[in-house]
Amino acid sequence: MRTSEKPTGRVPVNAERQTSAAALSGPASRKLPVPPRERKPALAALAVLLILGGALATTLLVLRSGDRVSAIAISQQVGAGQRFTEAVMKEVQIADTGIGYVAWADRARVAENYARVTLIPGTLLTRDMVVSASRELGPGKAQVGLALKPGQSPGTLERGDRVQVIYVPSKGGSTNEESRVLAQSALVHQVGAPGRSGSGGLVTVIVDSSVSPTIVAYASSGEIALAELPGAR
């Protein structure tokens with residue numbers, strides 16, 4: 001009686017070797033070698049420095065933005081050569097950015113000096129804007145007060161503006177004179193209240209003392225008009 005042999009289920013050793021050889025000879029075994037990545041320590045260090053520098057700058061800005069100082073801001077227009085008054089200055093709190101703004105504590109000293117250039121409202125005052133002497137109010141200059149009628153002066157005049165002082169002969173006069181400019185660029189020193197019937201009023205201008213008698217004479221007869229020079233501030 002034969003005894004039937006059951007298969008053991010084991011793969012022959014030769015078959016395993018053939019399978020391993022086939023796996024090694026496949027596409028995966030034929031990949032090209034990858035060269036090692038080239039390291040650039042200099043670029044890496046530069047990147048680190050840039051990151052640290054940006055973080056430091058941001059930190060400084062944040063810290064400085066919290067430091068507030070009292071400075072002087074201009075609240076009314078001040079013409080070039082005009083003297084400062086405490087009425088044209090106001091206190092503002094600004095960040096300490098290192099710019100040489102004039103401190104509010106120095107306002108009394110500023111009021112003893114003059115504006116180098118025309119300053120409009122809202123300007124933060126710096127030391128470069130202040131001078132100790134004025135060519136506009138010094139020797140050879142004269143203040144002339146004008147009582148102007150409506151139509152003889154722009155209604156938008158402000159202290160510190162520049163104007164032409166013009167002689168305008170009256171229509172009823174006996175002379176045949178023509179209009180002419182008496183002062184090419186006079187400084188408006190003060191503007192009074194407008195007249196009730198229009199935009200005229202009291203205006204004080206700074207002119208050369210050589211022409212002030214002529215301007216006063218024509219102003220007394222109502223033959224003076226002012227023309228604003230916006231670009232001459």
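Residues numbered from 1 in each chain as written. Predicted model: local features only at pLDDT ≥ 70, side-chain atom pairs only at ≥ 80, totals over all residues. Heavy atoms only, no water.

K.L.:
In this structure, what is going on with the overall build of the chain? I would like to understand it.
P.N.:
Each helix and strand in the chain was counted, giving 4 helices and 9 strands. Listed N to C, the secondary structure of the chain is α-α-β-β-α-β-β-β-β-β-β-α-β in terms of helices and strands. Relative to its full complement of 233 residues, the chain shows a buried share of 30%. About 16000 Å² of surface is accessible on the chain, with carbon and sulfur atoms providing 56% of the total. (Helix = DSSP H or I, 4+ residues; strand = E, 2+ residues; numbered from the N terminus. Buried < 20%, exposed > 50% of the residue type's maximum accessible area, 1.4 Å probe, protein only. Areas by Shrake-Rupley, 256 points an atom, 1.4 Å probe, with all protein chains shown as cover.)

K.L.:
Can you help me understand the environment of Lys-141 in this one?
P.N.:
Locating Lys-141 in the fold gives a position in strand 5 (residues 141-148). As for Lys-141 and Ser-210, which are separated by 69 residues in sequence, their C-alpha atoms are 8.2 Å apart. Setting aside anything within four residues of it in sequence, one finds Lys-141 in contact with Arg-135, Glu-136, Ile-206, Val-207, Asp-208 and Ser-209. Within the structure, the side chain of Lys-141 is placed 2.9 Å from the side chain of Asp-208, a separation counted as a polar contact. (Contact = heavy atoms within 4.5 Å. Polar contact = N/O pair within 3.5 Å; in protein donor to acceptor, adjacent residues only side chain to side chain.)

K.L.:
What should I look at first to understand the confidence of the model for the chain in this one?
P.N.:
A low pLDDT means the predicted coordinates there should not be read in detail. Mean pLDDT over the chain stands at 79; residues scoring 70 or higher make up 73%. Confidence drops under a pLDDT of 50 for residues 194-199, and excluding neighbours within four residues, the segment shows 10 contacts in the predicted structure. (pLDDT = per-residue confidence, 0-100.)

K.L.:
Quick question: what am I supposed to make of the packing of aromatic side chains here?
P.N.:
Given two aromatic rings, their pairing is described by the distance between the two centres and the angle made by the two planes. A complete count under the given rule lists 1 aromatic pair for this structure. Here the aromatic rings of Tyr-167 and Tyr-218 are separated by 3.9 Å at their centres, their planes lie at 25°, and the arrangement is stacked. Within this pair, whereas Tyr-167 is found in strand 6 (residues 162-167), its partner Tyr-218 is found in helix 4 (residues 212-220), the two being separated by 51 residues in sequence. Owing to a relative accessible area of 2%, Tyr-167 belongs among the buried residues under this scheme. (Phe/Tyr/Trp six-rings, centres within 6.5 Å; stacked < 30°, edge-to-face > 60°.)

K.L.:
Got a minute to help me understand the side chain of Glu-136 in this structure?
P.N.:
Tracing the backbone through its elements, the reader meets Glu-136 in the loop between strand 4 (130-131) and strand 5. Taking the relative accessible area as the measure of exposure, Glu-136 reaches 16% and is therefore buried. Engagement of the side chain of Glu-136 in a polar contact is seen with the side chain of Arg-162, the distance being 2.9 Å. Setting aside its immediate chain neighbours within four residues, Glu-136 contacts Ala-80, Gly-81, Lys-141, Arg-162, Leu-187 and Ile-206.

K.L.:
Honestly, the environment of Tyr-114 in this entry has me stumped. Any pointers?
P.N.:
Looking at the secondary structure, you find Tyr-114 in strand 3 (residues 114-115). Excluding anything up to four places from it in sequence, Tyr-114 contacts Gly-81, Gln-82, Arg-83, Phe-84, Met-129, Val-130, Val-131, Ser-132, Ala-133, Ser-134 and Leu-137.

K.L.:
Where do I start with helix 4 in this structure?
P.N.:
Every α-helix carries 3.6 residues per turn, so stepping three or four residues along brings you back to the same face. Buried residues of helix 4: Ser-212, Ile-215 and Tyr-218, and no others. All buried residues of helix 4 project into a common sector of 130° when viewed along the axis, lining one side. In helix 4, the exposed positions angled more than 90 degrees off the buried face are occupied by Pro-213 and Ser-220. Downstream of helix 4 by a residue or two, Gly-222 has a phi angle that is positive, lying close to 75°. (Arc of directions from axis to C-beta.)

K.L.:
Mind showing me how you'd approach the nonpolar core here?
P.N.:
Across soluble globular proteins, nonpolar side chains show a tendency to be buried alongside one another. In this structure, Leu-146, Val-165, Val-205, Val-207, Ile-215, Ile-224 and Leu-226 are the most contacted members of the largest nonpolar core, which totals 18 residues. Among the secondary structure elements, those contributing two or more residues to this core are strand 5, strand 6, strand 7 (180-194), strand 8 (201-208), helix 4 and strand 9 (224-228). Among the elements that take part in this core, strand 7 stands out by supplying 4 residues, more than any other. Those residues within four positions of Leu-226 in sequence are excluded, and the remaining contacts are Leu-146, Leu-148, Gln-152, Ser-153, Pro-154, Leu-157, Val-163, Gln-164, Val-165, Val-203 and Val-205. (Core = buried A, V, L, I, M, F, W, Y, C linked by side-chain atoms within 4.5 Å.)

K.L.:
Just to check I follow, could you spell out the pattern of salt bridges for this structure?
P.N.:
Oppositely charged side chains may form a pair once their charged atoms are brought near each other. A complete count under the given rule lists 3 salt bridges for this structure. A salt bridge links Arg-162 to Glu-136, with the nearest nitrogen and oxygen atoms 2.9 Å apart. Linking Arg-162 in strand 6 with Glu-136 in the loop between strand 4 and strand 5, this pair joins segments that are 26 residues apart in sequence. Glu-136 matches Arg-162 in its accessibility class, with the two residues each being buried. (Salt bridge = Lys/Arg side-chain N within 4 Å of Asp/Glu carboxyl O.)

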